[in-house]
Amino acid sequence: MTEFFRWLVFLMFVVLAPPVSVGIIRKVKARLQNRIGASIFQPLFDLLKFYSKGETVSEVTSWIFRSSAGINFALVLIIALLVPWVQFKPHVASADIFLVIYLFAFMRMMTVLAALDAGSAFGGFGASREVTLALLIEPALVLCLASLGVVSRTSDLEQIFSFANLALSNQPGLWLLAGSGLFLTSLVELSRMPVDDPTTHLELTMVHEAMILENSGRNLLLVEYTHALKLLVLFGLSAQCFLHAIAPVWQLPAVLISAASGGAVLITLALVGVQEGLSVKLRWTRLPEFIAYAVTMALLSVLVAIAGRLGS
Amino acid sequence: MTLSIYELAVLSASILAIFLLGTTYIRTNLGFYSAQTMAIAAATMLAGSQREPHLYVIALIILLLKAVGIPVFLIWIADRIDAQTDAGTYLPAPLSMHLGILLLGASYILSSELPMMLGHGQGSSRIGATAAMSLLFSGILVMLTRRIAISQIIGFLMIENGIYLFALTQTHGMPMMVEMGILLDVLVGVMIAGLLLFRIKKSFEHIDASQLTQLKD
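The structure displayed is predicted, hence computed values, not measured ones. (Residues numbered from 1 in each chain as written. Chains lettered and ligands numbered in written order. Predicted model: local features only at pLDDT ≥ 70, side-chain atom pairs only at ≥ 80, totals over all residues. Heavy atoms only, no water.)

Enquirer: Give me the lowdown on the overall build of chain A, citing residues and values where you can.
Expert: Looking only at helices and strands, chain A features 11 helices and zero strands. Whereas a compact globule of 312 residues would reach a radius of gyration of roughly 20 Å, chain A reaches 19 Å, a difference of no more than 12%. Reported as C-alpha extents along the three principal axes, the dimensions of chain A are approximately 60 × 45 × 45 Å. Here chain A holds 312 residues, and 52% of them are scored as buried. Taking all contacts inside chain A whose residues are at least 6 apart in sequence as the whole, residues at least 24 apart take part in 79%. Accessible surface, chain A as shown: approximately 13900 Å² in total, 70% of it carbon and sulfur. (Helix = DSSP H or I, 4+ residues; strand = E, 2+ residues; numbered from the N terminus. Rg over C-alpha atoms; globule rule 2.2 N^0.38 Å. Buried < 20%, exposed > 50% of the residue type's maximum accessible area, 1.4 Å probe, protein only. Contact = heavy atoms within 4.5 Å. Areas by Shrake-Rupley, 256 points an atom, 1.4 Å probe, with all protein chains shown as cover.)

Enquirer: Talk me through the overall build of chain B; I want residue IDs and the actual numbers.
Expert: Helices and strands together make up the secondary structure of chain B, namely seven helices and zero strands. Moving toward the C terminus, one meets the helices and strands of chain B in the order α-α-α-α-α-α-α. For chain B, the proportion of contacts with a sequence separation of at least 24, taken over those separated by at least 6, is 75%. Counting only carbon and sulfur atoms, one obtains 71% of the accessible surface of chain B, whose full area is about 10000 Å².

Enquirer: How would you explain a nonpolar patch on the surface if you had to name every residue and give the values?
Expert: The grouping of Phe 122, Phe 125, Leu 202, Leu 204 and Leu 213 of chain A at the surface amounts to a nonpolar patch, some 400 Å² of accessible area in total. As for its position among the elements, Phe 122 of chain A is in helix H5 (residues 121-152). (Patch = residues over 30% accessible without salt bridge, like charges linked within 9 Å, V, L, I, M, F, W, Y side chains within 5 Å. Salt bridge = Lys/Arg side-chain N within 4 Å of Asp/Glu carboxyl O.)

Enquirer: So what's going on with unusual backbone geometry? Residues and values would help.
Expert: It is generally the case that most residues other than glycine have a negative phi and that most peptide bonds are trans. One non-glycine residue, Ser 191 of chain A, adopts positive backbone phi at about 45°. Tracing the sequence through the fold places Ser 191 of chain A in the loop between helix H7 (172-189) and helix H8 (208-211). Non-glycine residue Asp 82 of chain B carries a positive phi angle of around 60°. For Asp 82 of chain B, the position within the fold is in the loop between helix H3 (55-80) and helix H4 (93-111).

Enquirer: Explain helix H6 (residues 149-170) of chain B residue by residue, including any values.
Expert: Side chains that are three or four residues apart share a direction in an α-helix, a result of its 3.6 residues per turn. With 22 residues, H6 of chain B extends 32 Å between its outermost C-alpha atoms, agreeing within 8% with the 32 Å of an ideal straight helix rising 1.5 Å per residue. For H6 of chain B, a buried count of 19 out of 22 residues is recorded, marking the element as mostly surrounded by other parts of the structure. (Expected span 1.5 Å × (residues − 1).)

Enquirer: Can you tell me about the pattern of salt bridges, naming the residues and giving the values?
Expert: Residues and elements named next belong to chain A. Summed over the entire model, instances satisfying the criterion amount to 10 salt bridges over all chains. Glu 276 is the salt-bridge partner of Lys 29, the closest N and O atoms lying 3.8 Å from each other. You can see Lys 29 sitting in helix H1 (residues 2-32) and its partner Glu 276 sitting in helix H10 (residues 254-278), a full 247 residues away along the chain. Since its relative accessible area comes to 9%, Lys 29 is described here as buried. Given the relative accessible area of 3%, Glu 276 is considered buried. With its nearest N and O atoms 2.8 Å apart, the salt bridge here joins Glu 158 to Lys 89. Here Glu 158 is found in helix H6 (residues 157-160), whereas its partner Lys 89 is found in the loop between helix H3 (63-82) and helix H4 (97-117), with 69 residues between them in sequence. We classify Lys 89 as buried; its relative accessible area is 5%. A single network of salt bridges, built from pairs that share partners, joins Arg 108, Glu 130, Glu 189 and Lys 230.

Structural data, given as C-alpha coordinates:
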(Lines give C-alpha, C1' and ligand atoms only; values in the text may rest on other atoms or scores of the structure.)
Protein backbone atom coordinates (compact mmCIF):
# COMPACT_ATOMS: atom_id res chain seq x y z
CA MET A 1 0.00 0.00 0.00
CA THR A 2 2.75 2.44 0.90
CA GLU A 3 4.55 1.49 -2.32
CA PHE A 4 1.38 2.26 -4.30
CA PHE A 5 1.03 5.56 -2.49
CA ARG A 6 4.66 6.40 -3.29
CA TRP A 7 4.10 5.76 -6.98
CA LEU A 8 0.96 7.89 -6.94
CA VAL A 9 2.70 10.86 -5.30
CA PHE A 10 5.72 10.47 -7.53
CA LEU A 11 3.66 10.32 -10.75
CA MET A 12 1.68 13.41 -9.74
CA PHE A 13 4.97 15.14 -9.01
CA VAL A 14 6.39 14.15 -12.40
CA VAL A 15 3.34 15.46 -14.25
CA LEU A 16 2.81 18.74 -12.40
CA ALA A 17 6.13 19.78 -10.87
CA PRO A 18 8.26 20.45 -14.01
CA PRO A 19 6.24 23.40 -15.40
CA VAL A 20 5.74 24.75 -11.89
CA SER A 21 9.47 24.60 -11.19
CA VAL A 22 10.16 26.67 -14.30
CA GLY A 23 7.49 29.04 -13.03
CA ILE A 24 9.21 29.28 -9.62
CA ILE A 25 12.53 30.25 -11.22
CA ARG A 26 10.82 32.92 -13.33
CA LYS A 27 8.87 34.25 -10.34
CA VAL A 28 11.99 34.59 -8.15
CA LYS A 29 13.81 36.32 -10.98
CA ALA A 30 10.87 38.69 -11.55
CA ARG A 31 10.64 39.58 -7.86
CA LEU A 32 14.38 40.34 -7.80
CA GLN A 33 13.88 42.73 -10.70
CA ASN A 34 11.04 44.54 -8.87
CA ARG A 35 8.40 43.03 -11.13
CA ILE A 36 5.32 41.14 -9.95
CA GLY A 37 5.95 38.42 -12.53
CA ALA A 38 3.54 35.85 -13.94
CA SER A 39 1.95 33.25 -11.70
CA ILE A 40 4.11 30.19 -11.03
CA PHE A 41 1.51 28.12 -12.89
CA GLN A 42 1.97 30.14 -16.09
CA PRO A 43 4.26 27.57 -17.79
CA LEU A 44 1.56 24.96 -17.14
CA PHE A 45 -1.04 27.14 -18.89
CA ASP A 46 1.45 27.67 -21.71
CA LEU A 47 1.72 23.92 -22.15
CA LEU A 48 -2.10 23.65 -22.28
CA LYS A 49 -2.10 26.41 -24.88
CA PHE A 50 0.41 24.52 -27.01
CA TYR A 51 -1.87 21.48 -26.84
CA SER A 52 -4.76 23.29 -28.53
CA LYS A 53 -2.64 25.07 -31.13
CA GLY A 54 -2.16 23.93 -34.70
CA GLU A 55 1.15 22.60 -35.89
CA THR A 56 3.34 23.66 -38.80
CA VAL A 57 6.11 21.36 -39.90
CA SER A 58 8.74 22.28 -42.46
CA GLU A 59 8.43 20.37 -45.71
CA VAL A 60 12.09 19.37 -45.76
CA THR A 61 11.96 17.48 -42.47
CA SER A 62 12.09 13.71 -42.34
CA TRP A 63 10.78 11.26 -39.76
CA ILE A 64 13.69 12.14 -37.45
CA PHE A 65 12.21 15.55 -36.67
CA ARG A 66 8.79 14.14 -35.77
CA SER A 67 10.08 11.24 -33.72
CA SER A 68 12.79 13.07 -31.75
CA ALA A 69 10.35 14.95 -29.50
CA GLY A 70 8.61 11.68 -28.61
CA ILE A 71 11.87 9.80 -28.07
CA ASN A 72 13.21 12.58 -25.84
CA PHE A 73 9.98 12.56 -23.85
CA ALA A 74 10.28 8.81 -23.26
CA LEU A 75 13.98 9.12 -22.37
CA VAL A 76 13.41 11.89 -19.84
CA LEU A 77 10.68 9.83 -18.17
CA ILE A 78 13.11 6.91 -17.84
CA ILE A 79 15.78 9.25 -16.45
CA ALA A 80 13.30 10.72 -13.95
CA LEU A 81 12.50 7.19 -12.82
CA LEU A 82 16.18 6.20 -12.47
CA VAL A 83 17.80 9.29 -10.95
CA PRO A 84 17.12 9.83 -7.22
CA TRP A 85 16.24 13.51 -7.47
CA VAL A 86 13.76 13.27 -4.58
CA GLN A 87 13.92 10.80 -1.71
CA PHE A 88 10.33 9.58 -2.17
CA LYS A 89 11.10 8.26 -5.64
CA PRO A 90 9.84 4.67 -5.91
CA HIS A 91 12.51 1.97 -5.97
CA VAL A 92 13.75 0.74 -9.36
CA ALA A 93 15.99 -2.21 -10.06
CA SER A 94 19.23 -0.69 -11.34
CA ALA A 95 20.11 2.96 -11.84
CA ASP A 96 23.70 2.76 -12.99
CA ILE A 97 25.67 6.03 -13.16
CA PHE A 98 26.91 5.42 -16.68
CA LEU A 99 23.48 4.40 -17.96
CA VAL A 100 22.06 7.70 -16.74
CA ILE A 101 24.93 9.77 -18.14
CA TYR A 102 24.57 8.22 -21.57
CA LEU A 103 20.80 8.50 -21.53
CA PHE A 104 21.38 12.23 -21.14
CA ALA A 105 23.83 12.08 -24.04
CA PHE A 106 21.25 10.16 -26.11
CA MET A 107 18.68 12.88 -25.42
CA ARG A 108 21.14 15.50 -26.55
CA MET A 109 21.87 13.56 -29.74
CA MET A 110 18.16 13.37 -30.63
CA THR A 111 17.68 17.11 -30.00
CA VAL A 112 20.69 17.94 -32.17
CA LEU A 113 19.50 15.62 -34.96
CA ALA A 114 16.06 17.22 -34.94
CA ALA A 115 17.62 20.69 -35.07
CA LEU A 116 19.80 19.75 -38.03
CA ASP A 117 16.97 17.88 -39.77
CA ALA A 118 14.86 21.00 -40.24
CA GLY A 119 17.71 22.54 -42.20
CA SER A 120 17.38 26.06 -40.80
CA ALA A 121 20.46 28.10 -40.00
CA PHE A 122 19.34 28.68 -36.43
CA GLY A 123 19.12 24.96 -35.77
CA GLY A 124 22.65 24.54 -37.08
CA PHE A 125 23.96 27.34 -34.84
CA GLY A 126 22.27 25.96 -31.78
CA ALA A 127 23.33 22.39 -32.47
CA SER A 128 26.93 23.39 -33.00
CA ARG A 129 27.00 25.30 -29.70
CA GLU A 130 25.19 22.56 -27.82
CA VAL A 131 27.67 19.90 -28.95
CA THR A 132 30.66 22.12 -28.10
CA LEU A 133 29.30 22.70 -24.60
CA ALA A 134 28.51 19.01 -24.17
CA LEU A 135 32.09 18.15 -25.02
CA LEU A 136 33.40 20.53 -22.34
CA ILE A 137 30.89 19.65 -19.65
CA GLU A 138 30.82 15.86 -19.83
CA PRO A 139 34.01 15.27 -17.78
CA ALA A 140 32.53 17.32 -14.92
CA LEU A 141 29.28 15.32 -14.86
CA VAL A 142 31.05 11.96 -15.07
CA LEU A 143 33.72 12.79 -12.48
CA CYS A 144 31.25 14.25 -9.93
CA LEU A 145 29.07 11.15 -9.96
CA ALA A 146 31.99 8.74 -10.26
CA SER A 147 33.79 10.21 -7.24
CA LEU A 148 30.66 9.64 -5.16
CA GLY A 149 30.53 6.11 -6.57
CA VAL A 150 34.18 5.44 -5.70
CA VAL A 151 33.69 6.34 -2.04
CA SER A 152 30.45 4.38 -1.68
CA ARG A 153 31.90 1.46 -3.71
CA THR A 154 28.86 1.10 -5.94
CA SER A 155 27.74 2.54 -9.26
CA ASP A 156 24.06 2.36 -8.37
CA LEU A 157 22.75 5.91 -8.03
CA GLU A 158 19.96 4.87 -5.69
CA GLN A 159 22.41 3.33 -3.22
CA ILE A 160 24.79 6.29 -3.48
CA PHE A 161 22.03 8.77 -2.67
CA SER A 162 20.28 6.70 0.00
CA PHE A 163 20.66 7.93 3.55
CA ALA A 164 21.30 4.35 4.66
CA ASN A 165 24.70 4.42 2.94
CA LEU A 166 27.28 4.65 5.74
CA ALA A 167 30.37 5.20 3.55
CA LEU A 168 29.02 8.59 2.46
CA SER A 169 27.11 9.53 5.58
CA ASN A 170 29.81 11.74 7.11
CA GLN A 171 31.42 13.38 4.08
CA PRO A 172 30.08 16.94 3.93
CA GLY A 173 33.08 18.20 1.96
CA LEU A 174 32.74 15.61 -0.77
CA TRP A 175 28.97 16.15 -1.03
CA LEU A 176 29.38 19.90 -1.17
CA LEU A 177 32.03 19.74 -3.91
CA ALA A 178 30.13 17.16 -5.95
CA GLY A 179 26.87 19.07 -5.44
CA SER A 180 28.29 22.40 -6.58
CA GLY A 181 29.98 20.67 -9.50
CA LEU A 182 26.65 19.15 -10.51
CA PHE A 183 24.92 22.51 -10.05
CA LEU A 184 27.32 24.31 -12.38
CA THR A 185 27.11 21.41 -14.84
CA SER A 186 23.32 21.63 -14.80
CA LEU A 187 23.43 25.35 -15.57
CA VAL A 188 25.41 24.57 -18.73
CA GLU A 189 23.49 21.42 -19.58
CA LEU A 190 20.12 23.17 -19.34
CA SER A 191 21.42 26.33 -21.02
CA ARG A 192 20.48 28.55 -18.10
CA MET A 193 21.70 32.03 -17.34
CA PRO A 194 25.48 32.55 -17.33
CA VAL A 195 25.74 30.29 -20.39
CA ASP A 196 22.64 31.19 -22.33
CA ASP A 197 19.84 33.65 -21.72
CA PRO A 198 16.54 31.85 -22.37
CA THR A 199 14.50 35.07 -22.18
CA THR A 200 16.01 37.27 -24.88
CA HIS A 201 14.17 37.79 -28.14
CA LEU A 202 17.23 37.01 -30.25
CA GLU A 203 17.57 33.32 -31.07
CA LEU A 204 20.82 34.04 -32.91
CA THR A 205 22.78 33.99 -29.66
CA MET A 206 20.98 31.14 -27.94
CA VAL A 207 21.75 27.48 -27.52
CA HIS A 208 18.65 25.51 -26.61
CA GLU A 209 15.98 27.89 -27.90
CA ALA A 210 17.72 28.08 -31.27
CA MET A 211 17.57 24.32 -31.61
CA ILE A 212 13.86 23.98 -30.86
CA LEU A 213 12.81 26.91 -33.04
CA GLU A 214 11.19 24.67 -35.68
CA ASN A 215 8.85 22.96 -33.23
CA SER A 216 5.28 24.13 -32.84
CA GLY A 217 1.97 23.00 -31.40
CA ARG A 218 1.96 19.63 -29.65
CA ASN A 219 5.56 18.93 -30.66
CA LEU A 220 6.58 22.08 -28.80
CA LEU A 221 4.54 20.91 -25.80
CA LEU A 222 6.58 17.71 -25.65
CA VAL A 223 9.88 19.56 -26.11
CA GLU A 224 9.11 22.16 -23.44
CA TYR A 225 7.86 19.58 -20.97
CA THR A 226 10.94 17.41 -21.60
CA HIS A 227 13.23 20.35 -20.94
CA ALA A 228 11.36 21.29 -17.76
CA LEU A 229 11.54 17.74 -16.38
CA LYS A 230 15.24 17.53 -17.26
CA LEU A 231 15.73 20.79 -15.35
CA LEU A 232 13.89 19.44 -12.33
CA VAL A 233 15.87 16.16 -12.35
CA LEU A 234 19.28 17.81 -12.69
CA PHE A 235 18.71 20.55 -10.12
CA GLY A 236 17.02 17.97 -7.89
CA LEU A 237 20.15 15.83 -8.03
CA SER A 238 22.38 18.67 -6.89
CA ALA A 239 19.78 19.55 -4.23
CA GLN A 240 20.10 16.01 -2.85
CA CYS A 241 23.89 16.46 -2.71
CA PHE A 242 23.48 19.67 -0.68
CA LEU A 243 20.99 17.90 1.60
CA HIS A 244 23.52 15.14 2.21
CA ALA A 245 26.18 17.76 2.91
CA ILE A 246 24.21 19.29 5.78
CA ALA A 247 22.78 15.97 7.02
CA PRO A 248 25.60 15.23 9.56
CA VAL A 249 25.19 18.65 11.16
CA TRP A 250 21.43 18.59 11.16
CA GLN A 251 20.32 15.08 12.12
CA LEU A 252 17.07 14.43 10.29
CA PRO A 253 14.47 11.96 11.46
CA ALA A 254 13.66 9.41 8.75
CA VAL A 255 10.09 10.65 8.35
CA LEU A 256 11.17 14.14 7.50
CA ILE A 257 13.72 13.15 4.87
CA SER A 258 11.16 12.92 2.05
CA ALA A 259 9.75 16.33 2.91
CA ALA A 260 13.23 17.79 3.35
CA SER A 261 14.31 16.49 -0.05
CA GLY A 262 11.35 18.25 -1.66
CA GLY A 263 12.23 21.40 0.26
CA ALA A 264 15.85 21.14 -0.86
CA VAL A 265 14.71 21.03 -4.49
CA LEU A 266 12.57 24.13 -3.92
CA ILE A 267 15.47 26.00 -2.31
CA THR A 268 17.78 25.04 -5.15
CA LEU A 269 15.26 26.31 -7.70
CA ALA A 270 15.00 29.60 -5.80
CA LEU A 271 18.80 29.72 -5.79
CA VAL A 272 18.78 29.35 -9.57
CA GLY A 273 16.33 32.26 -9.77
CA VAL A 274 18.56 34.44 -7.58
CA GLN A 275 21.61 33.45 -9.61
CA GLU A 276 19.81 34.36 -12.84
CA GLY A 277 18.83 37.70 -11.39
CA LEU A 278 22.41 38.53 -10.42
CA SER A 279 24.45 37.22 -13.33
CA VAL A 280 24.81 38.37 -16.90
CA LYS A 281 25.19 36.17 -19.93
CA LEU A 282 28.84 35.42 -20.55
CA ARG A 283 30.42 36.01 -23.91
CA TRP A 284 30.77 32.76 -25.86
CA THR A 285 34.58 32.87 -25.77
CA ARG A 286 34.58 33.25 -21.98
CA LEU A 287 32.45 30.16 -21.41
CA PRO A 288 35.37 27.69 -21.14
CA GLU A 289 36.54 29.68 -18.10
CA PHE A 290 33.12 29.25 -16.46
CA ILE A 291 32.98 25.56 -17.32
CA ALA A 292 36.50 25.14 -15.93
CA TYR A 293 35.04 25.89 -12.50
CA ALA A 294 32.60 22.98 -12.86
CA VAL A 295 35.48 20.72 -13.89
CA THR A 296 37.50 22.05 -10.94
CA MET A 297 34.75 21.09 -8.49
CA ALA A 298 34.64 17.63 -10.07
CA LEU A 299 38.42 17.23 -9.92
CA LEU A 300 38.49 18.36 -6.28
CA SER A 301 35.82 15.82 -5.36
CA VAL A 302 37.87 13.17 -7.18
CA LEU A 303 40.85 14.24 -5.08
CA VAL A 304 38.82 13.92 -1.87
CA ALA A 305 37.58 10.50 -2.98
CA ILE A 306 41.12 9.27 -3.76
CA ALA A 307 42.48 10.67 -0.50
CA GLY A 308 39.68 8.94 1.39
CA ARG A 309 40.43 5.68 -0.41
CA LEU A 310 44.16 5.98 0.43
CA GLY A 311 43.45 6.95 4.02
CA SER A 312 41.12 4.10 4.83
CA MET B 1 38.30 10.19 6.27
CA THR B 2 36.35 12.69 8.32
CA LEU B 3 37.64 16.18 8.84
CA SER B 4 37.35 18.50 11.80
CA ILE B 5 36.18 22.10 11.41
CA TYR B 6 39.77 23.31 11.80
CA GLU B 7 40.89 21.11 8.91
CA LEU B 8 37.93 22.23 6.79
CA ALA B 9 38.84 25.88 7.36
CA VAL B 10 42.45 25.22 6.42
CA LEU B 11 41.51 23.22 3.32
CA SER B 12 38.94 25.77 2.17
CA ALA B 13 41.71 28.38 2.17
CA SER B 14 43.71 26.32 -0.30
CA ILE B 15 40.62 25.55 -2.41
CA LEU B 16 39.79 29.26 -2.60
CA ALA B 17 43.37 29.85 -3.71
CA ILE B 18 42.81 27.35 -6.52
CA PHE B 19 39.60 29.17 -7.55
CA LEU B 20 41.66 32.37 -7.67
CA LEU B 21 43.86 30.76 -10.32
CA GLY B 22 40.87 30.31 -12.62
CA THR B 23 39.96 33.91 -13.23
CA THR B 24 41.95 36.90 -14.47
CA TYR B 25 39.66 39.66 -13.23
CA ILE B 26 41.62 41.63 -10.64
CA ARG B 27 38.54 42.41 -8.53
CA THR B 28 37.44 38.75 -8.43
CA ASN B 29 41.02 37.71 -7.67
CA LEU B 30 41.15 40.08 -4.71
CA GLY B 31 37.74 38.83 -3.54
CA PHE B 32 39.03 35.26 -3.56
CA TYR B 33 42.21 36.41 -1.78
CA SER B 34 40.10 38.10 0.88
CA ALA B 35 37.92 35.00 1.37
CA GLN B 36 40.98 32.79 1.59
CA THR B 37 42.53 35.04 4.22
CA MET B 38 39.25 34.99 6.16
CA ALA B 39 39.42 31.18 6.17
CA ILE B 40 42.98 31.43 7.52
CA ALA B 41 41.82 33.86 10.21
CA ALA B 42 39.08 31.38 11.20
CA ALA B 43 41.68 28.59 11.37
CA THR B 44 43.90 30.80 13.53
CA MET B 45 41.00 31.43 15.89
CA LEU B 46 40.20 27.71 16.14
CA ALA B 47 43.88 27.01 16.82
CA GLY B 48 43.75 29.69 19.49
CA SER B 49 40.91 27.93 21.25
CA GLN B 50 42.99 24.73 21.35
CA ARG B 51 46.45 26.17 22.01
CA GLU B 52 47.82 29.61 22.72
CA PRO B 53 45.19 32.27 23.45
CA HIS B 54 47.35 35.02 21.91
CA LEU B 55 46.33 33.59 18.51
CA TYR B 56 42.92 35.29 18.97
CA VAL B 57 44.63 38.69 18.71
CA ILE B 58 46.58 37.55 15.64
CA ALA B 59 43.34 36.29 14.04
CA LEU B 60 41.69 39.66 14.58
CA ILE B 61 44.65 41.55 13.12
CA ILE B 62 44.76 39.19 10.09
CA LEU B 63 41.05 39.73 9.52
CA LEU B 64 41.29 43.50 9.68
CA LEU B 65 44.60 43.99 7.93
CA LYS B 66 44.97 41.19 5.39
CA ALA B 67 41.37 40.18 4.67
CA VAL B 68 39.91 43.69 4.49
CA GLY B 69 42.62 46.34 4.45
CA ILE B 70 44.98 45.06 1.78
CA PRO B 71 42.27 43.99 -0.74
CA VAL B 72 40.52 47.35 -0.40
CA PHE B 73 43.83 49.16 -0.89
CA LEU B 74 44.69 47.06 -3.95
CA ILE B 75 41.22 47.52 -5.48
CA TRP B 76 41.67 51.28 -5.01
CA ILE B 77 45.02 51.10 -6.79
CA ALA B 78 43.62 48.90 -9.58
CA ASP B 79 40.89 51.48 -10.18
CA ARG B 80 43.38 54.34 -10.17
CA ILE B 81 45.74 52.76 -12.70
CA ASP B 82 42.83 51.30 -14.67
CA ALA B 83 43.84 47.64 -14.49
CA GLN B 84 40.62 45.59 -14.64
CA THR B 85 41.89 42.29 -15.94
CA ASP B 86 45.17 40.50 -16.51
CA ALA B 87 45.14 40.49 -20.30
CA GLY B 88 47.94 38.13 -21.17
CA THR B 89 48.73 35.13 -19.02
CA TYR B 90 51.43 32.67 -20.00
CA LEU B 91 49.11 29.74 -19.25
CA PRO B 92 45.33 29.87 -19.87
CA ALA B 93 43.56 30.50 -16.56
CA PRO B 94 41.47 27.25 -16.63
CA LEU B 95 44.60 25.19 -17.23
CA SER B 96 46.50 26.83 -14.41
CA MET B 97 43.52 26.14 -12.12
CA HIS B 98 43.62 22.45 -13.04
CA LEU B 99 47.39 22.48 -12.53
CA GLY B 100 46.69 23.92 -9.08
CA ILE B 101 44.50 20.91 -8.26
CA LEU B 102 47.28 18.61 -9.42
CA LEU B 103 49.66 20.45 -7.09
CA LEU B 104 47.15 20.09 -4.22
CA GLY B 105 47.25 16.33 -4.79
CA ALA B 106 51.05 16.44 -4.99
CA SER B 107 51.28 18.33 -1.72
CA TYR B 108 49.05 15.72 -0.06
CA ILE B 109 51.58 13.07 -1.09
CA LEU B 110 54.53 15.30 -0.10
CA SER B 111 53.04 16.05 3.29
CA SER B 112 53.42 12.41 4.36
CA GLU B 113 57.20 12.83 3.97
CA LEU B 114 57.35 15.67 6.47
CA PRO B 115 58.39 15.02 10.06
CA MET B 116 55.36 15.72 12.25
CA MET B 117 56.35 18.48 14.58
CA LEU B 118 53.07 19.03 16.36
CA GLY B 119 52.41 16.22 18.79
CA HIS B 120 48.64 16.13 19.15
CA GLY B 121 46.40 15.12 16.27
CA GLN B 122 48.75 13.70 13.64
CA GLY B 123 46.06 13.89 10.97
CA SER B 124 45.31 17.56 11.47
CA SER B 125 48.98 18.34 11.13
CA ARG B 126 49.13 16.50 7.81
CA ILE B 127 46.06 18.25 6.35
CA GLY B 128 47.48 21.57 7.52
CA ALA B 129 50.78 20.88 5.76
CA THR B 130 48.90 19.86 2.60
CA ALA B 131 46.88 23.07 2.54
CA ALA B 132 49.89 25.25 3.34
CA MET B 133 52.03 23.74 0.59
CA SER B 134 49.16 23.95 -1.89
CA LEU B 135 48.74 27.65 -1.05
CA LEU B 136 52.46 28.13 -1.60
CA PHE B 137 52.30 26.38 -4.98
CA SER B 138 49.22 28.39 -6.03
CA GLY B 139 50.98 31.63 -5.13
CA ILE B 140 54.05 30.63 -7.12
CA LEU B 141 51.79 29.68 -10.04
CA VAL B 142 50.13 33.12 -9.94
CA MET B 143 53.51 34.86 -9.88
CA LEU B 144 54.83 32.73 -12.74
CA THR B 145 51.86 32.83 -15.09
CA ARG B 146 50.42 36.33 -14.67
CA ARG B 147 51.85 39.32 -16.43
CA ILE B 148 50.71 42.54 -14.83
CA ALA B 149 52.38 43.79 -11.69
CA ILE B 150 49.24 43.81 -9.50
CA SER B 151 48.84 40.05 -10.03
CA GLN B 152 52.45 39.63 -8.92
CA ILE B 153 51.51 41.33 -5.65
CA ILE B 154 48.55 38.97 -5.24
CA GLY B 155 50.85 35.98 -5.85
CA PHE B 156 53.31 37.28 -3.29
CA LEU B 157 50.51 37.69 -0.72
CA MET B 158 49.33 34.12 -1.37
CA ILE B 159 52.86 32.79 -0.79
CA GLU B 160 52.95 34.75 2.45
CA ASN B 161 49.62 33.20 3.44
CA GLY B 162 51.02 29.74 2.70
CA ILE B 163 54.10 30.29 4.84
CA TYR B 164 52.00 31.65 7.70
CA LEU B 165 49.64 28.66 7.47
CA PHE B 166 52.60 26.26 7.50
CA ALA B 167 53.93 27.88 10.66
CA LEU B 168 50.48 27.83 12.25
CA THR B 169 49.79 24.15 11.58
CA GLN B 170 53.27 22.67 12.01
CA THR B 171 54.67 24.48 15.03
CA HIS B 172 53.38 25.69 18.35
CA GLY B 173 53.17 29.13 16.84
CA MET B 174 55.64 31.96 16.79
CA PRO B 175 55.86 34.53 19.56
CA MET B 176 53.38 37.34 19.26
CA MET B 177 56.05 39.96 18.54
CA VAL B 178 57.40 37.99 15.58
CA GLU B 179 53.89 37.59 14.12
CA MET B 180 53.24 41.30 14.50
CA GLY B 181 56.55 42.09 12.83
CA ILE B 182 55.71 39.84 9.87
CA LEU B 183 52.28 41.44 9.48
CA LEU B 184 53.84 44.90 9.56
CA ASP B 185 56.37 43.82 6.94
CA VAL B 186 53.59 42.53 4.68
CA LEU B 187 51.65 45.76 5.07
CA VAL B 188 54.67 47.93 4.32
CA GLY B 189 55.62 45.66 1.40
CA VAL B 190 52.18 46.01 -0.19
CA MET B 191 52.17 49.76 0.39
CA ILE B 192 55.56 50.17 -1.27
CA ALA B 193 54.56 47.85 -4.12
CA GLY B 194 51.39 49.89 -4.62
CA LEU B 195 53.33 53.14 -4.78
CA LEU B 196 55.80 51.53 -7.18
CA LEU B 197 52.84 50.54 -9.38
CA PHE B 198 51.91 54.21 -9.71
CA ARG B 199 55.49 55.07 -10.66
CA ILE B 200 55.73 52.22 -13.20
CA LYS B 201 52.39 53.19 -14.74
CA LYS B 202 53.54 56.79 -14.95
CA SER B 203 56.89 56.15 -16.61
CA PHE B 204 56.06 53.15 -18.84
CA GLU B 205 52.30 53.67 -19.53
CA HIS B 206 51.65 49.97 -18.70
CA ILE B 207 52.27 47.57 -15.81
CA ASP B 208 53.20 44.47 -17.79
CA ALA B 209 55.94 42.88 -15.71
CA SER B 210 57.17 40.74 -18.62
CA GLN B 211 58.31 43.87 -20.46
CA LEU B 212 60.27 45.27 -17.55
CA THR B 213 63.32 43.09 -18.15
CA GLN B 214 65.54 45.58 -19.93
CA LEU B 215 67.38 48.23 -18.00
CA LYS B 216 67.31 51.77 -19.27
CA ASP B 217 68.84 54.92 -18.00
